[in-house]
Amino acid sequence: AEGQMCYIEAAPKRFQVYNGTTWIDFDAEWQAYTPTFSGLTLGNGTLTARYVRIGKTISGYISVGLGSTSSVTARIVATVPVAIKTNSTQITNGILEDASPAVSYFSLPLILASDVYLDVMLASSTYVQFQVASSTVPFTWANGDSFKISFTYEAN
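Along each chain, residue indices are assigned from 1 in the same order as the chain's sequence is written. The predicted nature of this model means local features are confined to residues of pLDDT at least 70 and side-chain atom pairs, given and counted, to a pLDDT of 80 or more, with totals for whole chains, interfaces and linings taken over all residues. In computing side-chain values, all of the structure's heavy atoms are included and hydrogens and water are not.

Trainee: Just to check I follow, could you spell out the environment of K56 for this structure?
Mentor: Under the DSSP-based scheme used, a helix requires at least four consecutive residues in state H or I and a strand at least two consecutive residues in state E, with every element numbered from the N terminus. Relative to the assigned elements, K56 resides in the loop between β6 (46-54) and β7 (57-65). Whether a residue is buried, partly exposed or exposed follows from its accessible area with a 1.4 Å probe, protein chains only, as a fraction of its type maximum: under 20%, in between, or over 50%, in that order. K56 sits in the partly exposed class, given a relative accessible area of 36%. In what follows, residue pairs with any heavy atoms lying within 4.5 Å of each other are defined as contacts. Excluding residues within four positions of it along the chain, K56 makes contact with I24, Y153, E154, A155 and N156. Each polar contact in these results corresponds to two N or O atoms within 3.5 Å; when the atoms are within protein, one needs to be able to donate a hydrogen and the other to accept it, and residues that are neighboring in sequence are counted only if both atoms are side-chain atoms. Polar contacts involving the side chain of K56 include one to the main-chain carbonyl oxygen of N156, which spans 3.1 Å.

Trainee: Just checking my understanding: could you explain the sheet that holds strand β12 (residues 115-117) for this structure?
Mentor: Backbone-to-backbone hydrogen bonds pair the strands of a sheet. The strands run either parallel or antiparallel. Two strands qualify as a pair provided that DSSP identifies no fewer than 2 bridges between them. Overall, antiparallel pairing links the four strands, which are arranged β5-β8-β12-β11 in an open sheet. Since the sheet does not close on itself, it has two edges, and those belong to β5 (37-41) and β11 (110-112), each with one partner. Direction aside, the axes of adjacent strands within the sheet are offset by 35 degrees on average. Pairing analysis gives three bridges linking β11 to β12, with the strands arranged antiparallel. Considered in β12, the bridge of L112 is made with D115. To obtain an axis, a line is fitted to C-alpha atoms, over the contacting stretch when the element is a helix, and the angle between two such axes runs from 0 to 180 degrees between their N-to-C directions.

Trainee: Explain unusual backbone geometry to me, please; I cannot follow it from the model alone.
Mentor: For residues that are not glycine, phi is negative in most cases, and the peptide bond is trans in most cases. Here the bond from S100 into P101 is cis, since omega is 0 degrees, no more than 30 degrees from zero. A cis amide bond links V137 with the next residue in sequence, P138, at an omega value of 5 degrees. Considering the arrangement of structural elements, one finds P138 in the loop between β14 (129-132) and β15 (146-154). Not every positive phi belongs to a glycine, and N87 is a case in point at roughly 65 degrees. Here N87 shows up in the loop between β8 (71-79) and β9 (90-98). Here the phi dihedral of A113 falls at roughly 60 degrees; this positive angle occurs in a residue that is not glycine. Looking at the element boundaries, A113 is found in the loop between β11 and β12.

What follows is the structure, given as C-alpha cells:
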C-alpha cells in the first residue's frame, strides 16, 4: 500500500518507499559512479564521482585531477548518474583550478538530460556571461590542473 517502506540489503543498500504506483529509492549511503566524458581524455589523471538519491532528489559531485597523459580537447561534458527530469530546477557549482599559476575560476555547470556541461563565467562585460570551457578557456589545461563539480537536481 502507499507509504510502505522497505530496506534493501543487497548492494547498493537503500531504503524504498511505495508511492502507490512504484517503489522510490532513498539511498542509505553515497554511491560511486563512473561518468563518461567527452572533450576530456583522463589518461593517468584522477577521478572521484559519487552521488546519493533521496526520493527523486539526486545530489553528487565529480572531482577530476589531470595527469601527464590527460588532455582537454573541447568543452568538457560528463554524464550524471541519473537522468534529470525535464524542466526541473537544478543547483550546480564548480571550480576550475589552474595549477600554474595557482588560479581558480568559478563554474556554473549546466545539466541537460543526462549530461553536465562545464561552463565558466566571463566577467569582461557589464554583466557576467556564460562562456563554454574548452581546451584553452579559461586556461590551457595541463598536468596538475583540476576541476570539481557539485550538483543537485530532480530525477526523471
